[in-house]
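Structural overview
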Amino acid sequence: MDAMWVLGLVLGLLPLLIWVLRSFNEWRFCHSHLRSNNGGKLPPGHMGWPLIGELLEFLWYFKFIDKPDEFIWKRNAKYGDTGIYRTYLFGFPSVITCSPEANRFVMGTGTEDGSFTAGWPAPKLLGEKSVIMVEGLHHKRLRRALMDAINRPRSLQHVFISLQPAFKEAFENWSAKGTINTGDEIRALGFSNICSLLLSFQRGPLLESMEMMYRGLLAGLRAQPINIPGTAFHYALKCRKKLSIILESEIRNRKVNKENVKIDFLQDLMDSVDANGDKLSEEEVLDNITSILLGGYESTACSMTWALYYLCKYPEVLSKLKKENYTIRQEMGEDNILKFDDVKKMTYTSKVIDEVIRLANVAHFMFRTVAKDTNFNGYKFPKGWKVIVWLRSIHVDPHYFKDPLKFNPDRWEGFVPSPGVYNVFGTGPRVCPGNNLVKMELFMLLHYICLDYKWELVNPNEAIKFLPNPRLADGAKLKFSRI
Ligand code: HEM
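Anyway, here's the lowdown on the structure attached to this text. What you see is a predicted model, and the numbers here were worked out from it, not measured in a lab. Along each chain, numbering runs from 1 in the same order as the chain's sequence is written. Only residues with pLDDT of 70 or above have their local features reported here, since the model is predicted, and side-chain atom pairs are shown and tallied only from 80 upward, although totals for entire chains, interfaces and linings are computed over all residues. Side-chain calculation: all heavy atoms of the structure are included, whereas hydrogens and water are not.

**Side note on the site of the ligand**
Any residue with a non-hydrogen atom lying within 4 Å of a molecule or strand is treated as near it. Taken together, 24 residues are adjacent to the ligand, and His139, Arg143, Arg368, Arg430 and Cys432 come closest. Identification of polar contacts relies on pairs of N or O atoms within 3.5 Å, with a donor-acceptor requirement for protein atoms, meaning one able to donate a hydrogen and the other able to accept it, and with residues adjacent in sequence counted only if both atoms are side-chain atoms. Within the side chain of histidine 139, one N or O atom sits 2.7 Å away from an oxygen atom of the ligand. Separating an oxygen atom of the ligand from a side-chain N or O atom of arginine 143 is a distance of 2.8 Å. Mapped by element, the contributors of at least two residues to the shell around the ligand are helix H7 (136-150), helix H13 (282-313), strand S5 (365-370) and helix H17 (435-452). Note on conventions: DSSP H or I runs of at least 4 residues are helices, E runs of at least 2 residues are strands, and numbering of each starts at the N terminus. Looking at the shell around the ligand, the element that brings in the most residues is H13, giving six residues.

Here is the structure:
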């Protein structure tokens, strides 16, 4: 009898308990905004459970059922196609934006006028002087230096000249191995490429240990910032410290021994002067070299791996790619080296690259912090909340891309997406400074690989995983050989 009574009580109270738990975050974060309606209404949505918010739902779509875009589509169906939703995710009350207009507003006007500031939570890992962390005039000054170093034509020409031997050597190694884990091989290649461009460091034990440290740093950026031994964040701080020692010693070495001056991005950053004739401080150079390495490491590897995957899946695209690149090779000099100017002729290859980057969706979303109460389309972004700018769902939305999951480079023929629709590299003052660099690397990869090698997926139906980046579950295992 007693047991029945207790069971009845528990069952009776359960809905009440669930209601209390489901209301907790709503009350804690939204109560005052919902009541006042001052500066617009809160976006529709729900703040989920105490402490974790909607994290379980996020993991459900991204990790367990591998359908990440349903996370947004579900909100769309439930709350209406507002393109703006409230949530509690990754430890913060947040506004998700996922329409072209709202994303452009946050990354463009809203970032320019200071309504939204940088949103990455870990200044200790990136460094307080990193371009990713600083704001306003500081940001403009660093960006100018960075763009000069990695994005102007002279730098991109240097990329072409210096990286081609590395690509050729890597492909030869892969074909000697026969079967490769493409994700790992390309990550190592991408890391040594970026280290060679930035620091003139060549392959070897130092680079291998630096790569491990960068992996640790990346893992820490994605983890909860809890600094106790055993956590990913604690390990990442240690990695950052060791990396700083290596980079500082390189910077000092170059300052002291003038004969150590090299042609690379580090030297460009060290030599760059702002409008007042001031050089960057040592800390600024250090933090920004670390950030460029971080920005360029996984993202480039990810897009190169997906390029090989899609070309396996779409042989008709591969044939067209070969045709264009074959014509270019026939017009080359005896050295068979791709020239920077050849890129202008690679119109189909360029479409393949745009399509790879669209579908690979390397960056699922970006973050901002709301610096002051802001209103967009009648919805309020409360000060102190985060904004999660959801890039990926638009890139696979049939409203904007016909048959969106099809890898179809021809869709880019004469097609100029409306503003905000194709924002793989972001937009506005923080648009990716490495956008042309990654494209140059893809031009080189595609040119040599499609003409000289053949490859096939070992597991053609392998599952796709989405965290932390989109990737194949087996690491993209390929059989790889010379033609
Ligand atoms: C396919 C490859 C890449 C993708 C999809 C990508 C994507 C992005 C996006 C969306 C942003 C905007 C962030 C924001 O608005 O807060 C960004 C910023 C950035 N990216 Fe990339 N990126 C790629 C490659 C690279 C490379 C190769 C580098 C460096 C060599 C790089 C370095 C950076 C840096 C330093 C920023 C911060 C800029 C700032 O805050 O002003 N990225 N990237």
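Okay, back to it.
**Overview of the pattern of salt bridges**
When the charged atoms of two side chains lie near each other, side chains of opposite charge can form a pair. Whenever a carboxyl oxygen of Asp or Glu lies within 4 Å of a side-chain nitrogen of Lys or Arg, that contact is scored as a salt bridge. Evaluated as defined, the whole model comprises 33 salt bridges. The salt bridge partner of lysine 74 is glutamate 57, with a shortest N-O separation of 3.2 Å. One end of the pair, lysine 74, is in helix H3 (residues 70-79); the other, glutamate 57, is in helix H2 (residues 55-64), with 17 residues separating them in the sequence.

**Let's talk about the sheet that holds strand S12 (residues 477-482)**
Two strands make a pair as long as DSSP finds a minimum of two bridges between them. Read across the open sheet, the three strands follow the order S4-S12-S9; overall the sheet is antiparallel. Each edge of the open sheet carries a strand with a single partner, namely strand S4 (179-181) and strand S9 (453-457). In this sheet, neighbouring strand axes are inclined to one another by 35° on average, regardless of whether the strands run parallel or antiparallel. Only heavy atoms matter for contacts: two residues are in contact if any of them lie within 4.5 Å across the pair. With axes taken as lines fitted to C-alpha atoms, and helix axes fitted only over the stretch in contact, angles between N-to-C directions fall between 0 and 180 degrees. Strands S9 and S12 of the sheet are contacted by H17, whose axis makes an angle of about 90° with S9.

**A closer look at the side chain of glutamine 267**
Mapped onto the fold, glutamine 267 is located in helix H12 (residues 265-271). Under the scheme applied here, a residue whose accessible area is under 20% of the maximum for its type counts as buried, over 50% as exposed, and between as partly exposed, the area being computed with a 1.4 Å probe on protein chains only. Owing to a relative accessible area of 6%, glutamine 267 belongs among the buried residues under this scheme. For glutamine 267, the contacting residues outside a window of four places in its chain are Arg254, Val261 and Lys262.

**Considerations on the coordination of the iron atom of the ligand**
Donor selection uses N, O and S atoms within 2.8 Å of the metal (3.2 Å for Na, K and Ca). Since no water is included, sites may look incomplete. Among protein residues, the single donor to the iron atom of the ligand is Cys432 (SG), with a metal-donor distance of 2.3 Å. Position of cysteine 432 relative to the elements: it lies in the loop between helix H16 (392-395) and H17.

**Comments concerning a nonpolar patch on the surface**
Think of a patch as exposed residues, more than 30% relative accessible area, with no salt bridge, where like charges cluster within 9 Å and nonpolar side chains (Val, Leu, Ile, Met, Phe, Trp, Tyr) cluster within 5 Å. All accessible-area figures derive from a Shrake-Rupley calculation using a 1.4 Å probe, and residue coverage is judged against the displayed protein chains alone. Taken together, the side chains of Trp5, Val6, Leu9, Val10, Leu13, Leu16, Trp19 and Val20 present a nonpolar region at the surface, about 820 Å² in accessible area. By the secondary structure assignment, tryptophan 19 is in helix H1 (residues 2-36).

**Quick look at the side chain of aspartate 342**
For aspartate 342, the position within the fold is in the loop between helix H14 (315-330) and helix H15 (347-360). Leaving out residues up to four positions away in the same chain, aspartate 342 has contacts with Ile328, Met332 and Ile337.

**Some details on the pairing of strand S8 (residues 386-390)**
In the case of a regular strand, side chains alternate between the two sheet surfaces. The buried fraction of S8 is high, at five of five residues. Taking every second residue as pointing to the same face, both faces of S8 are buried, with Lys386, Ile388 and Trp390 on one and Val387 and Val389 on the other. Both strand S2 (residues 92-97) and S8 contribute to a ladder of four bridges, which runs parallel. Each bridged residue has a counterpart across the sheet, and for valine 95 the counterpart in S8 is valine 387. Note that S5 and S8 share five bridges and pair antiparallel. Within S8, the residue paired with methionine 366 across the bridge is valine 389.

**With respect to unusual backbone geometry**
Of note, the amide linkage connecting leucine 467 to proline 468 takes the cis form, showing an omega dihedral of -5°. Residues other than glycine seldom take positive phi values, yet leucine 51 does so here, at roughly 65°. Counting through the fold element by element, leucine 51 comes out in the loop between H1 and H2. Even without being a glycine, aspartate 66 presents a positive backbone phi close to 55°. Relative to the assigned elements, aspartate 66 resides in the loop between H2 and H3.

**A few points about the sheet that holds strand S1 (residues 84-89)**
The strand order across the open sheet built from five strands is S1-S2-S8-S5-S3, with neighbouring strands paired in mixed fashion. Edge positions in the sheet fall to S1 and strand S3 (116-118), since each of these pairs with one other strand and no more. Adjacent strand axes in the sheet meet at a mean angle of 40° when their direction is disregarded. Of the pairings in the sheet, the one linking S3 to S5 comprises three bridges and is antiparallel in character. Considered in S5, the bridge of phenylalanine 116 is made with valine 370. The strands touched by H3 within the sheet are S1, S2 and S8, with S1 carrying the most contacts at an inclination of about 125°. Packing of helix H4 (residues 100-107) onto the sheet brings it into contact with S1, S2, S3, S5 and S8, and relative to S8 it is tilted by some 130°.

**Examining H14**
For a helix, the expected span equals 1.5 Å multiplied by the number of residues minus one. Under the 1.5 Å per step criterion, the end-to-end length of H14 is 22 Å for 16 residues, consistent within 8% with the ideal 22 Å. Listing the buried residues of H14 in full gives Val317, Leu318, Leu321, Glu324, Asn325, Ile328 and Arg329. What you see down the axis of H14 is that its buried residues fit within an arc of 140°, all on one side. Facing away from the buried side of H14, by more than 90 degrees, are the exposed residues Lys323 and Gln330. An arc is given here, and it is the one of the directions from the helix axis to the C-beta atoms.

By themselves, these observations are geometric and do not establish any function.
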